[in-house]
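Chain and residue survey
For reference, the chains in residue letters:
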Amino acid sequence: MAQKLEKRVPGIDLLRGLCIVAVVLHHINLRIHFHEIDMGRLLGPAADRVLFWSGYYGVRVFFVISGFLITTWSLKRWGSLKQIKRRQFYLMRFARIVPSLAGLLILLSVLDRAGIPRFTINMQHTSLGRALVAALTFHVNWLEAHTGYLPAAWDVLWSLSVEEVFYLVFPLLCTLVRRPALIVGLLSCFLVIGPYARLHAHNEMWADYGYLSCMDGIALGCLAAMVAARVRLSNRANQALRISGTLLCVLIVVLSKTTFHLQLPQTGLNVTVLEIGTGLLLIALQQRFEQRQMGNNSLLANANGGIGGLTRILWTSTGWLRWFGRNSYEVYLTHMLVVWPMVGLFLYFHQSVNAAPIWFLATTALAGVAGQAVTRFYSEPLNYKLRQKLLLSGWQAHLIQDSFNTGTE
C-alpha cells in the first residue's frame, strides 16, 4: 500500500519547536533566574546564555521561517509570485491570524479591567483602548518604542505587528512589480536596510522591534523559498547547505564572544548572519523533504539499522519539539498566560530556588499544552470555517484543507 504523503516538513517543525521553547524559557528566566541555582552555576554562564537568553534569536528565526513558508505556499498555489490572488491571500491571512489574536485581546482586556497584577496596563504609559488599537492595526512595536513596554502578555504582539505589515505589502509588491528579478531586487533591499536600521534606531527598543530592523528576516525567508523552488540541489550540496546553515546559527547563538571579536553585533550583522544560516537550513530541509516525497518515502521508510536506526532515534527523541513547532503560533501568543501564574505560584509557595528546574519544565510543558488546546479547539476550527466561508470554489476548498498540513503561518 502506498504511504500517505506528508504535507508538513518535519525539519522545519523541529526548527520552529526549538525557537518557541527558547522564547518560553527566556521569559521564565526573566522572572526566575536559573543562574542563581546550583544547577545553573554548574552549567556555567555560557550554557545559561544559550539555554535561557536565546528568545530574541528565536523570534528572529521565526521571521525567516514565516517568510519562507508564506512564499513556498504562494508559489505552490499560484505558480509564481506575480500571479498571487491578493484577495485570497489576505483572506487566508485573516482566517489564520485573527481568531487567535481576537481571543487573546478579549481575554487580556478582561484581565486588565479586573486589575489582575502583571496583566494591567500602566495608565501612565498608555491606555487599554490605545493598546487595542495598536494590536488591531499592527503597530504594537511602534507604541512600545514610544511609550515603554506593555505587560508581557501584550508585548509578544510586537512581532505580529512586524509580520502583518510586511504581508500587507508583499502581495502588492509581487503583483505590481511582476518581474521576478525586480521582486528579488526589492526584497534584497531589506537585507541591506536591516543592519543599518538596527544601528541607527532612535532607541534600543526600536532597534529590536522596528519594522525595517526586522523585515530583513522575513524578506530573506522569501528569497530562500524562491531559491528552493528554482534550484535543485544534489545530495552532497544539500548536506553542505545544512552544515553551513547550522554552523552560522551556532556561531551567533552559541559563540557570542567570537561574534563580538568579529564585530558582528557592533555592525548589526549578527542578526543578518543568523538569518542567512536559517535560510540555508530551510532550503536544504525543504528540498530534502520534497525529494523523499517524490520517492513516496516517509521520513522513516529506511530506518532499519545503520543510518536508518540513527534517523529513528532522532525522530523519536525530537518528537516533542516538533509538537511544539506545530503549535508555535498559539504557544507564542498564549505562553505568558501560563508563565505569570506559574511564577506567581513559585513565589507564593516560597519554593527553594533549587526547585526551579522542575518549575521551568512544568511551565514550558503547560505552555505547550495550552497552545495545543487553543490550536485544536479554537484557532484551527475557526480557521477552517472562515476559509470555507470566504473561499467557496472547489479549487479553493482544496486550498483550504491543504494549507492546514503545510505549516503555513
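Residues numbered from 1 in each chain as written. Predicted model: local features only at pLDDT ≥ 70, side-chain atom pairs only at ≥ 80, totals over all residues. Heavy atoms only, no water.

Details of helix α19 (residues 336-348)
Just so we agree on the cut-off: Note on conventions: DSSP H or I runs of at least 4 residues are helices, E runs of at least 2 residues are strands, and numbering of each starts at the N terminus. Any helix carries an expected span of 1.5 Å times its number of residues minus one. The classification of residues rests on relative accessible area computed with a 1.4 Å probe and restricted to protein chains. Under 20% of the type maximum is buried, over 50% is exposed, and intermediate values are partly exposed. In this description, contact between two residues means that some pair of their heavy atoms is separated by no more than 4.5 Å.
Helix length check: α19 (13 residues) gives 18 Å between terminal C-alpha atoms against 18 Å at 1.5 Å per residue, within 8%. Met336, Val338, Val339, Trp340, Met342, Val343 and Phe346 are the residues of α19 that are buried. Looking at the buried positions of α19, the neighbouring elements they touch are α1 (10-29), α7 (152-155), α18 (328-334) and α20 (356-390). At the C-terminal side of α19, His350 shows a positive phi close to 50°.

Focus: the confidence of the model for the protein
Spelled out, the test is: One number per residue, pLDDT, summarises how confident the predictor is, and it ranges from 0 to 100.
On average, the protein scores 90 in pLDDT, and the residues at 70 or more come to 90%. Looking across the protein, the model is least confident in helix α21 (residues 394-404), with a mean pLDDT of 47, and most confident in helix α5 (residues 128-136), with 98. Long-range and interchain partners of residues 298-307, a stretch whose pLDDT sits below 50, account for 15 contacts in this model, where long-range means more than four residues apart.

Section: the packing of aromatic side chains
Cut-off, in case you're wondering: Think of it this way: a Phe, Tyr or Trp ring, Trp meaning its six-membered ring, pairs with another when their centres are within 6.5 Å, and the plane angle makes it stacked under 30 degrees, edge-to-face over 60, tilted otherwise.
This structure, assessed with the given rule, holds 19 aromatic pairs. Consider the rings of Phe52 and Phe360, whose centres lie 5.3 Å apart with planes at 70°: the pair is edge-to-face. You can see Phe52 sitting in helix α2 (residues 38-52) and its partner Phe360 sitting in helix α20, a full 308 residues away along the chain. Phe360 shares its class with Phe52; the two are buried. Between Phe63 and Trp158, the ring centres sit 5.9 Å apart and the planes meet at 80°, which makes this aromatic pair edge-to-face.

Some words on the nonpolar core
Condition: Nonpolar core, defined: a set of buried Ala, Val, Leu, Ile, Met, Phe, Trp, Tyr and Cys residues in which side-chain atoms within 4.5 Å join the residues together.
Core analysis: the biggest nonpolar cluster contains 113 residues, and Trp154, Leu157, Phe166 and Phe170 have the highest contact counts within it. Top element by residues in this core is helix α3 (residues 55-78). It accounts for 13 residues. Apart from residues no more than four positions distant in its own chain, Phe170 is found in contact with Ile70, Thr71, Leu81, Ile84, Phe89 and Cys222.

Describing the pattern of salt bridges
The condition is simple: The salt bridge criterion pairs a side-chain nitrogen of Lys or Arg with a carboxyl oxygen of Asp or Glu, the two atoms within 4 Å.
If you walk through the whole model with that rule in mind, you get nine salt bridges. Arg16 is the salt-bridge partner of Asp13, the closest N and O atoms lying 3.7 Å from each other. Remark: Arg16 and Asp13 occur in helix α1; sequence separation between them is three residues, near one turn of the helix. Residue Asp13 is classed as buried on the basis of its relative accessible area, which comes to 5%. Owing to a relative accessible area of 2%, Arg16 belongs among the buried residues under this scheme. Ionic pairing is found between Lys76 and Glu290, a salt bridge with its closest N-O pair at 3.3 Å. Of this pair, Lys76 sits in helix α3 while Glu290 sits in helix α15 (residues 269-294), and the two are 214 residues apart along the sequence. Via salt bridges that share partners, Arg8, Asp13 and Arg16 belong to a single interconnected network.

Side note on the side chain of Gln286
Following the sequence through the fold, Gln286 ends up in helix α15. Aside from chain neighbours lying at most four places away, what touches Gln286 is Val9, Ile12, Phe68, Thr72 and Lys76.

As for a nonpolar patch on the surface
Threshold: Like charges within 9 Å and nonpolar side chains (Val, Leu, Ile, Met, Phe, Trp, Tyr) within 5 Å are joined into patches, using only residues over 30% in relative accessible area that form no salt bridge. Only the protein chains shown count as covering a residue, and every accessible area follows the Shrake-Rupley method with a 1.4 Å probe.
A cluster of nonpolar side chains, contributed by Met39, Leu43 and Leu51, occupies part of the molecular surface with about 260 Å² of accessible area. Relative to the helices and strands, Met39 resides in helix α2. Of the residues examined, Met39 reaches a relative accessible area of 43% and is grouped as partly exposed.

A few points about the environment of Leu241
Looking at where Leu241 falls in the secondary structure, it is placed in helix α12 (residues 235-253). Dropping the residues within four chain positions of it, Leu241 is found in contact with Leu233, Leu280, Ile283 and Ala284.

Observations regarding the packing of α12 against α15
What counts here: Here an angle of 0 to 180 degrees is reported between the N-to-C directions of two axes, which are lines fitted to C-alpha atoms, with helices fitted over the stretch in contact. Angles are sorted into four bins: roughly parallel if under 35 degrees, roughly antiparallel if over 145, roughly perpendicular if 65 to 115, and oblique for all others. Should the near helix be turned counterclockwise from the far one by less than a right angle, the crossing is left-handed, whereas a clockwise turn marks it as right-handed. Any residue that is not Ala, Val, Leu, Ile, Met, Phe, Trp, Tyr, Cys, Pro, Asp, Glu, Lys or Arg is counted as polar, Gly included; the first ten are nonpolar and the last four charged.
One way to put it is that α12 packs onto α15 with a least axis distance of 8 Å and a crossing angle of 150°. Judged by the angle between their axes, α12 and α15 are roughly antiparallel. Considering the relative orientation of α12 and α15, their crossing is left-handed. Of the residues belonging to the contact of α12 with α15, the class tally is 13 nonpolar, 10 polar and two charged.

Describing unusual backbone geometry
One non-glycine residue, Arg118, lies in the positive phi region at around 75°. Locating Arg118 in the fold gives a position in the loop between α4 (86-113) and α5. Phi is positive for Arg178, close to 70°, though the residue is something other than glycine. Along the chain, Arg178 turns up in the loop between α8 (157-177) and α9 (180-199).

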